[in-house]
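Structural description and commentary
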Amino acid sequence: MNIIMSGLEHSLAPIELREQLSFTKTQMGEMVQKIRSFPGILGCVLISTCNRTEIYISCLEDTDPGALLCQAAGSEYEPYRKAFVTHCGRDAVQHLMEVAAGLRSRIWGEDQIISQVKDAILIAREAKAADSILETLFRYAIAAGKEVRTCVHLTSVPTSAASMAIKLLEQKIGVLEGKRAIVIGNGEMGRLSASLLQQAGCDVCVTLRSYRHGETIVPPGCGVVQFDDRFEHINGADIVISATTSPHYTVTADQLSVLSAPPAFIVDLAIPRDVQPQVGKIKGVSLYNVDDLGDCKEDRTVPPQVTEILQSHLEQFYRWLNYKDCLTSIGGLKEAIVERLLNARELGVGLSEPELIALLVNKTVDLLVGGLADRITSENLEYCESKIRSHTTGR
């Protein structure tokens, strides 16, 4: 059994490539279900964010997960061949641990990646695409990410794409107080963007496609506009941030060109992109996307404590995996020992029940120790004895 991952990262794959293999949650479920049905694939999980698309598989034979993903998505693999980064075995496990901890993100130590990793395994589980190997791997990776965030302060700079967008706007505009802003999209990224703009002193409106009392969440202090009426409010606005999962552009060059006062600054936080790239050519309009936010400039030296946390969870996973692998051999081992004991002539020859039990135990231990002579240690035997005695005494 192999664990293999392939990923498109912002450092190797430009936004034009990444957006073609970026998926909504519904699409993620469809992709992992399709890939899980391929021959030799035991499990599949897909992570899809604005900065990365990663596929993790457990499989019987070595294969190329990136090629499988392109096949499932109906895309040609050749344009992506040099953009995918692939890791196998412990390297793949280590990579996922680092992703969950925010060490692989464009924004060092970003907060949102942990929830995105959780979503990935949940989607795969609901699609019946995740096997026990990937379920357990992702559980340990999420635990590692949580522990890093709880125990270590990685960065003092903004830790989300939304906060980086606000920082970018402050660099370009200056003080944001009093500016009029429209946020297209009321998902997690849209709500965070709206909240940060409002905290910066902007007059903020958020677009909604529908409103359900008690279910629709609108950031405090923000107004609401219907999605279909968005251009009435975009006209004359200073700032537009778009962050939706729409398969179509939410803002096009033609739609903006007819406005009497198009916004001066537009930030597109979506992958695939919400805003048509030609919008950036309109006079007086500055367009930015996620690749324009820049990398966090803080020192990216991983603190020793973080390394220890990740290594601890990695080893715990491999101990579980080793135990799982051993379970498949236990049945045959039991049969072999039973056959050997049944053939022992001294069994049943005038022995009392305690004597018979002692004989069976002695023979079994001798057989096990003899079979593992080149691997067993006195420390392991003492640990095993202590575990057995603790169970016997109920401690």
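Residues numbered from 1 in each chain as written. Predicted model: local features only at pLDDT ≥ 70, side-chain atom pairs only at ≥ 80, totals over all residues. Heavy atoms only, no water.

Description of empty space enclosed by the protein
Following the criterion strictly, the structure yields one cavity of 30 Å³ or more and no others. Its volume calculated, the largest cavity comes out at about 50 Å³. Lining the largest cavity are Thr49, Cys50, Asn51, Glu110, Gln112, Gln116, Ala161 and Met189. Of the residues contributing to the lining of the largest cavity, the split by class is three nonpolar, four polar and one charged. (1 Å grid on protein atoms, 1.4 Å probe; cavity = no way out; pocket = protein on both sides within 12 Å on 5 of 7 lines; lining within 4 Å. Points joined across faces, edges and corners; volume = space filled by probe spheres on them. Nonpolar A, V, L, I, M, F, W, Y, C, P; charged D, E, K, R; others polar.)

Remarks on the layout of surface pockets
The space that makes up the largest pocket amounts to roughly 1400 Å³. Forming the boundary of the largest pocket are 23 residues, of which Leu333, Leu368, Leu372, Ile376 and Cys384 lie nearest the centre. Broken down by secondary-structure element, the contributors of at least two residues to the lining of the largest pocket are helix H11 (304-342), helix H12 (353-371) and helix H13 (378-393). Of the residues contributing to the lining of the largest pocket, the split by class is 16 nonpolar, four polar and three charged. Space inside the second largest pocket adds up to approximately 1100 Å³. Elements that contribute at least two residues to the lining of the second largest pocket include exactly helix H2 (25-36), helix H5 (113-126), helix H8 (188-199) and strand S6 (203-208). (Helix = DSSP H or I, 4+ residues; strand = E, 2+ residues; numbered from the N terminus.)

What to know about the sheet that holds S6
The strand order across the open sheet formed by six strands is S7-S6-S5-S8-S9-S10, and the pairing between neighbours is parallel. Only two strands of the sheet have a single neighbouring strand rather than two, namely strand S7 (223-226) and strand S10 (286-289). Across the sheet, the mean angle separating the axes of adjacent strands is 20 degrees when strand polarity is ignored. Here four bridges tie strand S5 (residues 180-184) to strand S8 (residues 239-242), and the two strands are oriented parallel to one another. When the sheet's bridge partners are listed, Val183 is paired in S8 with Ile241. Against the sheet, helix H7 (residues 161-173) contacts S8, strand S9 (265-268) and S10, and its axis sits at roughly 160 degrees relative to S9. (Pairing = 2+ DSSP bridges. Axes fitted to C-alpha atoms, helices over the stretch in contact; angles between N-to-C directions. Contact = heavy atoms within 4.5 Å.)

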